[in-house]
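Read off the chains here:
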Protein chains: 2
Amino acid sequence: MRARVTVTLKSGVLDPQGKAIEGALRSLGVEGVASVRQGKVFDVELDTGDQARAEAALKAACERLLANTVIENYRVEIAS
Amino acid sequence: MRARVTVTLKSGVLDPQGKAIEGALRSLGVEGVASVRQGKVFDVELDTGDQARAEAALKAACERLLANTVIENYRVEIAS
């Protein structure tokens, strides 16, 4: 069973990395980009076929390690 | 116009960060995770309403800055 976890900054939280990317794109002459915010993605392979167990494991992983829930949101998508 | 760019390592490319996360999850007692690979996600706000222009800008951004196409794949999803 495979899953994708996407971790993004909550709105309102400053994103200096995103700002740096905006500046770099402008310097490189890429037009039309108004703003960029960077996040993380985790492609997780689970060794269980049970949907409920997979969801529980992924939630635990996000809450304990993958996301800082004070400033970040996470989203879990389980694929088959 | 908003878009999401997802950059992931090509298969076969070593991912020490993913391996470290696997180890950390095991140490934290999160069961059922077989493997983890980490990637990046960029939420981009574009100041054009034109789909073709947006696609061109995002492709340029990926090729020139956001992805290292030797070792990474990128995927662009445009949302409305």
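Each chain carries its own residue numbering, running from 1 in the written order of its sequence. Written order decides the labels, with chains lettered from A and ligands numbered from 1. The predicted origin of the model limits local features to residues at a pLDDT of at least 70 and limits the giving and counting of side-chain atom pairs to 80 or more, whereas totals for whole chains, interfaces and linings rest on all residues. Excluded from the side-chain calculations are hydrogens and water; all other atoms, namely the structure's heavy atoms, are used.

*Asks:* Would you explain the overall build of chain A in this entry?
*Replies:* For chain A, the helix and strand inventory stands at two helices and three strands. Here the C-alpha radius of gyration of chain A, 16 Å, is well above what a compact globule of 80 residues would show, namely 12 Å. Burial here depends on accessible area, computed with a 1.4 Å probe over protein chains only, as a share of the maximum for the residue type. Under 20% is buried, over 50% is exposed, and the range in between is partly exposed. Burial analysis of chain A (80 residues in total) assigns 40% to the buried set. The contacts of chain A with a sequence gap of at least 6 include a subset with a gap of at least 24, amounting to 73%. With an accessible surface of roughly 4,400 Å², chain A has 50% of that area assigned to carbon and sulfur atoms. Where helices and strands are cited, they refer to DSSP runs of H or I of at least four residues and of E of at least two residues respectively, numbered from the N terminus. The size measure is the radius of gyration over C-alpha atoms, and the globule rule it meets is 2.2 Å times the number of residues to the 0.38 power. Only heavy atoms matter for contacts: two residues are in contact if any of them lie within 4.5 Å across the pair. For the accessible areas, the method is Shrake-Rupley and the probe is 1.4 Å, while residue cover comes only from the protein chains on display.

*Asks:* When you look at helix 2 (residues 51-66) of chain A in this model, what are you seeing that I'm missing?
*Replies:* Along an α-helix, a turn takes 3.6 residues, which lines up residues three or four apart on a common side. Taken together, the buried positions of helix 2 of chain A are Ala54(A), Ala57(A), Leu58(A), Ala60(A), Ala61(A), Cys62(A) and Leu66(A). Where helix 2 of chain A is buried, its residues touch strand 1 (2-9), strand 2 (33-46) and strand 3 (72-79) of chain A together with helix 1 (16-27) of chain B.

*Asks:* Please clarify how the packing of helix 2 of chain A against helix 1 of chain B should be interpreted in this entry.
*Replies:* A pair of packed helices can be characterised by two numbers: the angle between their axes and the separation between those axes. Helix axes are fitted to C-alpha atoms over the stretch in contact, other axes to C-alpha atoms as well, and angles between N-to-C directions run from 0 to 180 degrees. Helix 1 of chain B packs onto helix 2 of chain A with a crossing angle of 105° between their chain directions and a minimal axis gap of 11 Å. Considering the angle they form, helix 2 of chain A stands roughly perpendicular to helix 1 of chain B. Here Ala61(A), Leu65(A) and Leu66(A) of helix 2 of chain A come into contact with helix 1 of chain B, specifically with Ile21(B), Ala24(B) and Leu25(B). Amino acid classes used here: Ala, Val, Leu, Ile, Met, Phe, Trp, Tyr, Cys and Pro are nonpolar; Asp, Glu, Lys and Arg are charged; the rest, including Gly, are polar. Its residues placed into classes, the contact of helix 2 of chain A with helix 1 of chain B shows six nonpolar, no polar and no charged. Between 65 and 115 degrees an angle is taken as roughly perpendicular, under 35 as roughly parallel, over 145 as roughly antiparallel, and anywhere else as oblique.

*Asks:* Any chance you could explain the relation of the copies chain B and chain A here in plain terms?
*Replies:* Overlaying chain B with chain A gives an RMSD of 0.0 Å, the required rotation being 180° about an axis along which the chain moves by 0.0 Å. Taken together, the rotation angle and the small translation identify this as a two-fold axis. Proximity to the rotation axis, assessed at the C-alpha, singles out Lys40(B) in chain B; its C-alpha lies 2.3 Å from the axis. Comparing interface residues between copies, 100% of those in chain B also lie at the interface in chain A; the contact surface is shared. The copies are overlaid by a least-squares fit using only the C-alpha atoms of residues whose pLDDT is at least 70 in both copies.

*Asks:* Please explain the pattern of salt bridges as it appears in this structure.
*Replies:* Between side chains of opposite charge, a pair can form as their charged atoms come close. One speaks of a salt bridge when a side-chain nitrogen belonging to Lys or Arg is within 4 Å of a carboxyl oxygen belonging to Asp or Glu. Applying the stated criterion to the full structure yields 12 salt bridges over all chains. Here Lys40(A) makes a salt bridge to Glu72(A), at a shortest N to O gap of 3.5 Å. Highlighted residues: Lys40(A) in strand 2 and Glu72(A) in strand 3, separated in sequence by 32 residues. Between Glu22(B) and Lys19(B) there is a salt bridge; the shortest N-O distance is 3.5 Å. In this pair, Glu22(B) and Lys19(B) both sit in helix 1, three residues apart, roughly one turn of the helix. Residue classification places Glu22(B) among the buried positions, given a relative accessible area of 9%. Here the residues in one salt-bridge network are Lys19(A), Glu22(A) and Arg26(A), joined through shared partners.

*Asks:* What's the story with the interface of chain B and chain A in this structure? I'm lost.
*Replies:* Where interface size is given, it is often the accessible area lost as the parts come together that is meant. In this complex, chain B contributes 33 residues to the contact, which on the side of chain A involves 34 residues. Carbon and sulfur atoms make up 63% of the surface buried where chain B meets chain A, a total of about 2,700 Å² over both sides. At the junction of chain B and chain A, the tally comes to zero salt bridges. Broken down by secondary-structure element, the contributors of at least two residues to the side of chain B that touches chain A are strand 1 (2-9), helix 1, strand 2 (33-46) and helix 2 (51-66) of chain B. Top contributing element to the side of chain B that touches chain A by residue count: strand 2 of chain B, with 14 residues. When grouped by side-chain class, the residues that make up the side of chain B that touches chain A number 18 nonpolar, seven polar and eight charged. With 13 bridges connecting them, strand 2 of chain A and strand 2 of chain B associate as antiparallel partners. Within the sheet, the bridge partner assigned to Ser35(A) lies in strand 2 of chain B and is Glu45(B). A 1.4 Å probe defines the accessible area here, and the buried area is the portion of it lost by two parts on being joined, summed over both. Note: two strands are recorded as paired if DSSP finds a minimum of 2 bridges between them.

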